Amino acid sequence: MNFTGTGGSNTQVDSGVGGRVIMALALLAALFSVFSCGGGGGGGSTPADSALEGSGEGGSPSGGGNGGWESSTPLALAFGETYKGEEFASYLRELHVNRTKFFLHWLQIEPSRDEYTFDLIDAFLDQLEPGEEPLVTIFTSSDWAAEGVGKGFPPLDYDEYYEFIYTLVSHCKGKVKYWQRDTEPATDNHWDINRYVEYVDTQKRFFDAVKDADPDALVIGVGHAGGWWNGEIANPRFFEYFLHFARDHFDILDVRLYRDQYTIPDRVGWFRDKMEQLGYDKPIVSTEYGGPDPSQFEDGFSELTDILVDWRNSEFFIEEEEDRVAWWKYLHSVRDTVATPSARMFLAECDSELEEKQTRIFCRDMVQRTTLILSTGIELAWYWNLCAPWFHCLGPHPLFGKLRLVDARTGVRQPLFYNYQRMAGMFEGFAAITAIEASDPDTYAYRLDRGDRGDLYVAWEKRDLFSGEDLPASSVDLTCPWLSVKVTDVFGNEQVIEGNGDGTITLDLTDTPLYLEEDVIGS
């Protein structure tokens, strides 16, 4: 294997690629990396205060805990980028989810040598009840103990790093089931693509410290950002090196699954194949997923790329400055000139009709993406995110803010909250998934084994993400043994249809996923 680095930039671009493609890649990096040091670790724009600790309709749901109610769903939910001690666990219980995650930076826990402050992680863990399983991600980010402050740098002293992780894990007294570090390496604003040796060295010390402090804890490895170019993951050499040399220093592999949902099987398959080639096999999870993102809308992404080019050629662009938030501010200042609806819908302020369309698109994507993830054999999937910071004068993040389930300012549940709640309820009891053959390659249909609850079918038709809903329904026959079928779409609309009497049913299929359950009364 060749594990040679690729140069100084974290973004790999072929030498013959034109400037416009480079700008498109820069735009993707900007959209996915506005927060230079999430979790309050320093740098970047400052988010407004959260209102999640409120009560009633604008805050947390009323009522007490659920006695540690244990979910049998494969679904999990990430809190979001910046945790400041908000109350959040009651939202998870309302959503029937018992797994969550959040980020911390070394400097937040040990701001100076041997001076520890556990307030944030205690505030997080104190809300959880028995049976609720958190994932904590630690960024090696410190102004005194690491090479930098941000989304991951090599520690200055590996023994000191071991002591930090050991002390933190020991403090949690077994309350944290999953530990992870320095996710999405080899991407912009994260661990340097050329420091793969140090990444593995740090992983080894991290694994040893976690296991020494809590032998029952599980260590999740890597957190690949999910990029997929020309039939291969982004920056493959970095991850080949990790899989080869860190194989004994993680329990579970993590692949983030943003961007085109229909490439998810290929992306997950790449990692399975690499592990098989190396002679081992480990479970795969996705600790972040969600979508769609602007790159999935060709016209809108083209306009956003043009705006980025204009900004880089303008008086507002200063090359030496950190430009993620600066680009966002510029986009916000010219938002009234954005003409393409598929671009405009990602901005904080768009007209109500377009906002409603964007919500429908995101609701469909959530169910499609989750089903496709489960179809790959992934065992757990953390949706991103419960809430996204609201930035003064800018609004929510142009991508992750649209994915939020709860408004961080008011605590009000967004339409995606109820969409996720319905999906989690449908998937409760999930044990296995099987693809259903269809004559049309654009028909996606799956049977989910839910044990005692009975099977659930999920079906939809692949269409253009923006305009597909305007097309008429397609009549599709699917194999299904039921005589009477209860059909619920992702928006909660229900109907009962009769089977064809020959082991099939006929559906009017669109890009809106349908949940199919046996109508026992009708049967």
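Residues numbered from 1 in each chain as written. Predicted model: local features only at pLDDT ≥ 70, side-chain atom pairs only at ≥ 80, totals over all residues. Heavy atoms only, no water.

Turning to the overall build of the protein, a few remarks are in order. Within the protein, the secondary structure is distributed over 14 helices and 22 strands. In the protein, buried positions account for 59% of the 523 residues. Contacts spanning at least 24 positions in sequence make up 73% of the contacts within the protein whose residues lie at least 6 apart. Counting only carbon and sulfur atoms, one obtains 47% of the accessible surface of the protein, whose full area is about 20500 Å². (Helix = DSSP H or I, 4+ residues; strand = E, 2+ residues; numbered from the N terminus. Buried < 20%, exposed > 50% of the residue type's maximum accessible area, 1.4 Å probe, protein only. Contact = heavy atoms within 4.5 Å. Areas by Shrake-Rupley, 256 points an atom, 1.4 Å probe, with all protein chains shown as cover.)

Here we take up the pattern of salt bridges. All chains considered together, the criterion is met by 31 salt bridges. One salt bridge connects glutamate 81 with lysine 151, and the closest N-O pair in it is separated by 3.0 Å. Of this pair, glutamate 81 sits in the loop between β1 (75–78) and α2 (89–94) while lysine 151 sits in the loop between β3 (133–139) and α5 (158–171); the two residues are 70 residues apart in sequence, bridging distant segments of the chain. A salt bridge links glutamate 469 to arginine 360; the nearest nitrogen and oxygen atoms lie 2.7 Å apart. Here arginine 360 lies in helix α12 (residues 352–375) and glutamate 469 lies in the loop between β17 (456–461) and β18 (474–479), a separation of 109 residues in the sequence. (Salt bridge = Lys/Arg side-chain N within 4 Å of Asp/Glu carboxyl O.)

The final tally for this structure, using the stated rule, is 37 aromatic pairs. Between phenylalanine 79 and phenylalanine 88, the aromatic rings sit 5.7 Å apart at their centres with planes inclined by 70°, giving edge-to-face as the arrangement. Neither phenylalanine 79 nor phenylalanine 88 differs from the other in exposure class; each is buried. The rings of Trp191, Tyr199, Phe238, Phe239, Phe242, Phe250, Trp270 and Phe271 are connected pair by pair, giving a single aromatic cluster. The cationic tip of arginine 181 hangs over the ring face of tyrosine 199; the distance from NZ or CZ to the ring centre is 4.1 Å. The ring of tyrosine 262 carries lysine 462 above its face, with NZ or CZ at 4.5 Å from the centroid. (Phe/Tyr/Trp six-rings, centres within 6.5 Å; stacked < 30°, edge-to-face > 60°. Lys NZ or Arg CZ within 6 Å of the ring centre and 35° of its normal.)

Time to look at the confidence of the model for the protein. Model confidence for the protein is summarised by a mean pLDDT of 87, while 84% of its residues fall at 70 or above. Residue range residues 1–17 is modelled with pLDDT below 50. Its contacts to residues more than four positions away, or to other chains, number 38 contacts. Segment residues 34–48 is flagged for pLDDT under 50; beyond a separation of four residues in sequence, or across chains, it makes 51 contacts in the model. (pLDDT = per-residue confidence, 0-100.)

Time to look at the environment of arginine 450. Residue position: arginine 450 is located in the loop between β16 (443–449) and β17. Measuring from C-alpha to C-alpha, the distance between arginine 450 and glutamate 428 comes to 7.0 Å, with 22 residues separating the pair along the chain. Setting aside anything within four residues of it in sequence, one finds arginine 450 in contact with Met426, Glu428, Gly429, Phe430, Asp455, Leu456 and Glu517.

This paragraph deals with unusual backbone geometry. Glycine 291 connects to proline 292 through a cis peptide bond whose omega is 5°. Counting through the fold element by element, proline 292 comes out in the loop between β9 (284–289) and α9 (298–312). Along the chain, tryptophan 384 connects to asparagine 385 via a cis peptide bond; the corresponding omega equals 15°. Structurally, asparagine 385 is set in the loop between β10 (381–383) and β11 (387–388). In the Ramachandran plot, glutamate 184 falls in the positive-phi region, its phi being about 50° despite a non-glycine side chain. With respect to the helices and strands, the residue glutamate 184 is situated in the loop between β4 (178–181) and α6 (196–213). According to the relative accessible area criterion, glutamate 184 is buried, its value standing at 12%. For alanine 186, which is not glycine, the phi torsion reads 65° and is therefore positive. Looking at where alanine 186 falls in the secondary structure, it is placed in the loop between β4 and α6. What makes alanine 186 buried here is its relative accessible area of 0%.

Here we take up the side chain of asparagine 385. Using a relative accessible area of 1% as the deciding quantity, one classes asparagine 385 as buried. There is a polar contact of 3.3 Å between the side chain of asparagine 385 and the backbone oxygen of cysteine 387. The residues touching asparagine 385, leaving out its near neighbours within four places in the chain, are Leu77, Ala78, Phe79, Gly80, Phe400, Leu403, Arg404 and Leu405. (Polar contact = N/O pair within 3.5 Å; in protein donor to acceptor, adjacent residues only side chain to side chain.)

Strand order in this closed barrel of eight strands is β1-β2-β3-β4-β5-β8-β9-β10, and the pairing throughout is parallel. Between one strand axis and the next, the sheet turns by 25° as a mean value, whatever way the strands run. Bridging between strand β8 (residues 252–255) and β9 involves two bridges; their strand directions are parallel. Considered in β9, the bridge of leucine 253 is made with isoleucine 284. α12 contacts β1, β9 and β10 of the sheet and is inclined by roughly 165° relative to β9. Contacts from helix α14 (residues 415–427) reach β1, β9 and β10 within the one sheet, and its direction differs from that of β1 by about 155°. (Pairing = 2+ DSSP bridges. Axes fitted to C-alpha atoms, helices over the stretch in contact; angles between N-to-C directions.)

In a regular helix each residue adds 1.5 Å, so 13 residues correspond to 18 Å; α14 covers 19 Å between its end C-alpha atoms and thus fits that length. Among all positions of α14, only Leu416, Phe417, Asn419, Tyr420, Met423, Ala424, Met426 and Phe427 are buried. Just downstream of α14 lies glycine 429, where phi reads positive at about 90°. (Expected span 1.5 Å × (residues − 1).)

The next point concerns the packing of α12 against α14. Where α12 contacts α14, the two axes come as close as 10 Å, and the packing angle between them is 30°. Judged by the inter-axis angle, α12 sits roughly parallel to α14. Handedness of the α12/α14 crossing: right-handed. Seen from α12, the contacting residues are Thr359, Phe362, Cys363, Met366, Val367, Thr370, Thr371 and Leu374; seen from α14, they are Pro415, Leu416, Asn419, Tyr420, Met423 and Phe427. Its residues assigned to classes, the contact of α12 with α14 comprises ten nonpolar, four polar and no charged. (Parallel < 35°, antiparallel > 145°, perpendicular 65-115°, else oblique. Left-handed = near helix turned anticlockwise from the far one by under 90°. Nonpolar A, V, L, I, M, F, W, Y, C, P; charged D, E, K, R; others polar.)

With that settled, the discussion passes to helix α7 (residues 236–245). For α7, a buried count of seven out of ten residues is recorded, marking the element as mostly surrounded by other parts of the structure. Buried residues of α7: Pro236, Phe238, Phe239, Glu240, Tyr241, Phe242 and Leu243, and no others. Packed against the buried residues of α7 are α6, β5 (218–224), β7 (232–233), β8 and α8 (264–277).

Taken N-terminus to C-terminus, the directions of α5 and α6 make an angle of 35°; their axes are 8 Å apart at the nearest point. Between α5 and α6 lies a crossing whose hand is right-handed. Taken together, the residues of α6 that come into contact with α5 (itself represented by Tyr158, Asp159, Tyr161, Tyr162, Ile165, Tyr166, Val169 and Ser170) are Glu198, Asp201, Thr202, Arg205, Phe206, Asp208, Ala209, Val210, Asp212 and Ala213. Across the contact of α5 with α6, the residue classes tally to ten nonpolar, two polar and six charged.

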